[in-house]
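Close look at the chain arrangement
Residues per chain, in single letters:
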Amino acid sequence: MCRWIAYQGEPIFLDTLVAEPAHSLIAQSLHAAECKAATNGDGFGVGWYGERDVPGLYRETRPAWSDENLRNLCAQVKSRLFFAHVRSSTGPATARANCHPFAVGNTMFMHNGQIGGYPAVKRRLEALIADDLYAHRAGSTDSEALFLTALTNGLTDDPIGAVARTLLDVQTLMRAASVSEPLRFAAATTDGTCIHAFRWASDGRAPSLYWRQTPRNLLIVSEPLDGERARWREVPQGCALIAMPGEPVRLAPIEMQQRRAA
């Protein structure tokens with residue numbers, strides 16, 4: 001499993017969340033509190049929006065806690081919307097192309113979770129990716145395959161519906177391959193303006209996901225960045241979080257969207 005944070009609001013330096021808090025993302029890369037694996041050292045990545053429509057990306061295979069360039073970059077880059085992710089591999093190789101976040105055009109995506117029995121469905125899942133999007137298949141992870149399949153299913157126009165259709169597609173492939181392991185999905189996607197985050201699992205044991213909103217900003221995190229747990233709200237299992245600039249967070253059930261997609 002992995003850990004990640006998503007930020008939307010007044011521009012801040014990335015290190016405000018990535019490096020400075022007591023339980024920052026860098027700290028979580030070494031000592032996660034709510035993760036199956038306490039150490040998330042199989043690479044990291046940050047993606048941010050600045051003056052251009054497309055995000056900037058910095059991804060590396062070194063552990064986040066040992067990369068001085070990450071700290072230096074985060075101390076200099078200020079953004080109104082950014083993603084940051086530390087990776088714990090569930091199988092695929094430690095490679096830059098396998099580090100999150102992933103981006104196609106102005107759309108960015110990151111994921112925590114796994115497709116149970118992924119090797120048994122990998123080839124069929126990749127076959128669901130549209131030809132023009134398959135050109136962006138740079139790595140070997142289930143996360144990137146989920147992203148590109150969701151784009152094929154209309155992620156840019158209908159994020160919740162596209163994710164629901166993708167989860168249904170994957171479950172269908174898993175059943176056909178007689179995979180009994182669960183599909184777990186805690187993810188976020190953005191077009192540089194709005195954020196959609198998701199918490200879902202086929203076995204009801206979705207990875208942890210929290211959020212906190214103030215008049216100035218919104219944080220969505222795998223686990224709280226400080227000891228003030230009362231200030232954080234848990235994203236309910238089976239729900240999507242919708243964050244539009246300047247509006248209160250809304251929650252919508254993914255299960256209802258799945259039934260409609262079916």
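See the structure shown above.
Residues numbered from 1 in each chain as written. Predicted model: local features only at pLDDT ≥ 70, side-chain atom pairs only at ≥ 80, totals over all residues. Heavy atoms only, no water.

1. Describing the layout of surface pockets
To be explicit about the condition: Points on a 1 Å grid over protein atoms alone make up a cavity when a 1.4 Å probe fits among them but cannot get out, and a pocket when they form an open set with protein on both sides within 12 Å along at least five of seven lines; lining residues each have an atom within 4 Å of a point. Grid points are joined across faces, edges and corners, and a volume is the space filled by probe spheres set on the points. A run of H or I in DSSP counts as a helix once it spans at least four residues, and a run of E counts as a strand once it spans at least two, with each numbered from the N terminus. Each residue is assigned to one class: nonpolar for Ala, Val, Leu, Ile, Met, Phe, Trp, Tyr, Cys and Pro, charged for Asp, Glu, Lys and Arg, and polar for all the others, Gly among them.
Here the largest pocket defines a volume of roughly 270 Å³. Contributions of two or more residues to the lining of the largest pocket are made by β1 (3-13), α1 (15-18) and β10 (217-221). Of the residues forming the lining of the largest pocket, the biggest block, four residues, is contributed by β1. For the second largest pocket, the calculated volume is near 200 Å³. Forming the boundary of the second largest pocket are 16 residues, of which Gln8, Gly9, Met244, Pro245 and Gly246 lie nearest the centre. Counting only elements with at least two residues in the lining of the second largest pocket, the list comes to β1, β4 (78-86) and β10. Residue classes in the lining of the second largest pocket are distributed as five nonpolar, eight polar and three charged.

2. Digging into the pairing of strand β6 (residues 107-115)
Cut-off, in case you're wondering: Here the term buried applies to any residue with accessible area under 20% of the maximum for its type, exposed to any over 50%, and partly exposed to those in between, with areas from a 1.4 Å probe on protein chains only. When DSSP finds at least two bridges between two strands, those strands are taken to pair.
Here β6 lies mainly inside the structure; eight of its nine residues are buried. Note: strand β5 (residues 102-104) against β6, three bridges, orientation antiparallel. If you follow Phe102 over to β6, its bridge partner there is Phe109. Taking the residues that link successive antiparallel strands as the turn, the β5-β6 hairpin has two residues, and the phi of Gly105 there is positive, at about 60 degrees. Bridging between β6 and strand β7 (residues 183-190) involves eight bridges; their strand directions are antiparallel. Across the sheet, Gln114 pairs through a bridge with Arg184, a residue of β7.

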